[in-house]
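Each chain, letter by letter, is given below.
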Amino acid sequence: MDAARKGIVVLPFEVLKRALLQPEASSLLMFFVLFGITAILQENFFEAKSIVRTINSFAPLILLAMGQAIVIISGGIDLSSGAALSLLTCVLTTVMKKDDPITGVYALILAFLVALGTGVVNGLGIGYLRIPPVIVTFATSYAWLGIALFLRPTPGGESVPWFRVFYNMRVVEGVPEVLKSLGNYVPPALLLIVGACVLWYIVSRTRTGRYIYAVGSNIESAYVSGINTGKTQMLACVLNAVLIFLAALFFVGQNQTGDARMGGPLTLRSIAAVVVGGIALSGGRGSVYLAIVGALILGFVGRIIFFANVPNAYQTLVSGIIVIAAIAGPAYATLRRELR
Amino acid sequence: METFLKKTFPWYGWLLGSWFPVQYRKAFTILFLTVLLYAGGGVVVPGFLTLEQILLTLKLAAFIALFGLCQMIVIVAGGGGLDLSVGYTATLTAVLTASIMDGRNAYLGIALLVALVLGLLVGFANGVLTSYLKLPPLVVTLAMADILQGIVNAYVAGKAITGRPSPVLVTLAAKLTGVFPNILFVLIPVAVLAILVFERTKWGQVLFGVGANERTAYLCGIDVKKVRFLTFVASGVLASLIGLLLLGNMGIAFKDMGSNYVMPSIAAVVVGGVPLAGGGGSYFGVILGSIFLQALTNLLTALGLGDAGKWLGFGIILFAMLSVYAGNRRSR
């Protein structure tokens, strides 16, 4: 009887503990806790203006993290995403001329093609040449950096005024009044993120979406099951490139400049967001939307550090420690369970 | 690459006849490419093919080769090992020890001690996280790089980095004896020692065995986790000591002094013919790989392409070498 009573008392705890050990649950819990802390610390957190600002500051990382998640789920990893983002901003600002609105269209087309090119090269290395993804994207990251430096040795460049629609619709002439008032509550950054989600939703409902998971979870079985693994991994890389392209649109809309080195730190942060979101680095498991949660967690942590009056210089240090903690925690728990 | 060279230069196959040790074939190929690069450079850029220029290349390549040793130790042990934190460890050591030494030889001992402790700490952390907690080395060492850079940023925030290296370090790393750079007197013994350890001792056998097939190594009674853990410790300590030499060469410490060596160190290992899956390769090849990359950098700089050309060139070379060496098409 004693044991039975004990069982009744212990069981909920056990269930809770098991649930929390699931990566998805723990990342969602972490998200709500951090969300709460930030909301308490920041007085005007729920005002429309403040929400828009929050979304804007998190948008590039969210887009990059989603792309990273797709590649990681397909069994790869992309160390070149930050460099590709920088390259695209450089391409956009080099093609565009301030006084000639039509150059914006050319820039969009060219940058989109360049983005596809970066995805195809990565996909070629990972999917077809079967080079370890870590090292092939490490190599391409330097190739992108090199090209970006050719185009723009120092940060700068110009952009057509209408490119600001990707950042703030109100400041652009010729945008209908309806859209402008909508922009007060729904910033373009949010539309880009929703667009990315819709894109992934459509892909994940197709055969390709299931192939991406299959290839990531066991490439040998996927191959012998008749899946074209090379093509699947290539598609994952191209999807990633499209999301990076969206992030580049936002960045240029916001800053009107290109910078060959701005994206570098975002690479690790995007991987960190994926890990913190609870997606397995070994591939094949987790949801791409969890990467958004991961990116938000990292963003809120940055906010809290800011409010805690920690100097800017400590930001890199803290984010590094968070990444280690986020991946070491679950691994330590697994190890303990195995040893028992 | 070998087949390509054999087809293009008929006597190349004769050069690599049966008398030539197998493990040095890739090294010989890269040596050949370096010579080609120099010949081409000598034609295009006047003054590229002088003794001073070559010795300068060797001096700069020595640092890449030393970082390449850290990288090779980790990579050879297999398991997707890779240490992206080497350059940052070196930076932190240099920044910390510069203010300790401040141009005095008397404090070199303390600086060495600090470097050792720091290297051990970083290596220990990397090793435990990757080997015992089974986390991907890439992410761990990348995050570790962030942490180290973060410490440097926090340490130097709002103030100038003070201090100079001790004269001994300057002599060792920056000065020349005649036309001969002193750093080679460091690199050559290190290289001989490394090659002897890799190829002639039990430790080397264990290291290559673990990298070649961890299951077999485990069944032979080797503690695979411990070996991989120790490779990260060795890499951390070495990187930290290289930080002292780097400080000696530069004369001052600054925020990004080591981080520029991370990419070349990996590229040198790949170009030098060390398989990324582990269990093979020779340090001799890595040294030649470093020389090749440095010569390429010099050539691109001489052609006025600067940083952009350097990184683009490195990226393309690395990609090309990877698709020749590391590609895995036939198993499909």
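Residues numbered from 1 in each chain as written. Chains lettered and ligands numbered in written order. Predicted model: local features only at pLDDT ≥ 70, side-chain atom pairs only at ≥ 80, totals over all residues.

Student: Pulling in residues and values, what's your account of the overall build of chain A?
Tutor: A count of helices and strands for chain A gives 14 helices and zero strands. Along chain A, from the amino end to the carboxyl end, the secondary structure elements read α-α-α-α-α-α-α-α-α-α-α-α-α-α. Over its C-alpha atoms chain A spans a radius of gyration of 22 Å, differing by no more than 12% from the 20 Å that the globule rule assigns to 340 residues. The principal-axis extent of the C-alpha atoms belonging to chain A is close to 85 × 55 × 40 Å. Going through the 340 residues of chain A one by one, you find that 49% of them count as buried. (Helix = DSSP H or I, 4+ residues; strand = E, 2+ residues; numbered from the N terminus. Rg over C-alpha atoms; globule rule 2.2 N^0.38 Å. Buried ≥ 20, exposed ≤ 12 C-beta atoms within 10 Å, placed from the backbone.)

Student: Can you break down the overall build of chain B residue by residue, with the values?
Tutor: Each helix and strand counted, chain B has 15 helices and two strands in total. Relative to the 2.2 N^0.38 estimate, which gives 20 Å for 332 residues, the radius of gyration of chain B is 20 Å and therefore close to what a compact globule would have. C-alpha extents for chain B along the principal axes are approximately 60 × 60 × 35 Å. Looking at chain B as a whole, 51% of its 332 residues are labelled buried. A separation threshold of at least 6 residues defines the contact pool for chain B, and within that pool the share at least 24 residues apart is 77%. (Contact = placed C-beta atoms within 7 Å.)

Student: Summarise unusual backbone geometry; cite the residues concerned and give the values.
Tutor: All names here are of chain A. Residue Arg-130 is not a glycine yet carries a positive backbone phi of 55°. On the secondary structure map, Arg-130 appears in the loop between α5 (102-128) and α6 (133-151). The backbone of Gln-256 shows a phi angle near 60°, a positive value even though the residue is not glycine. Mapped onto the elements of the fold, Gln-256 is located in the loop between α11 (229-255) and α12 (264-276). Of the residues examined, Gln-256 has 20 C-beta atoms within 10 Å and is grouped as buried.

Student: Outline the confidence of the model for chain B, supporting the account with residue identities and numerical values.
Tutor: Residues with a pLDDT of 70 or more make up 92% of chain B, whose mean pLDDT is 85. Two summary scores accompany this predicted model of the complex, namely pTM at 0.83 and ipTM at 0.77. (pLDDT = per-residue confidence, 0-100.)

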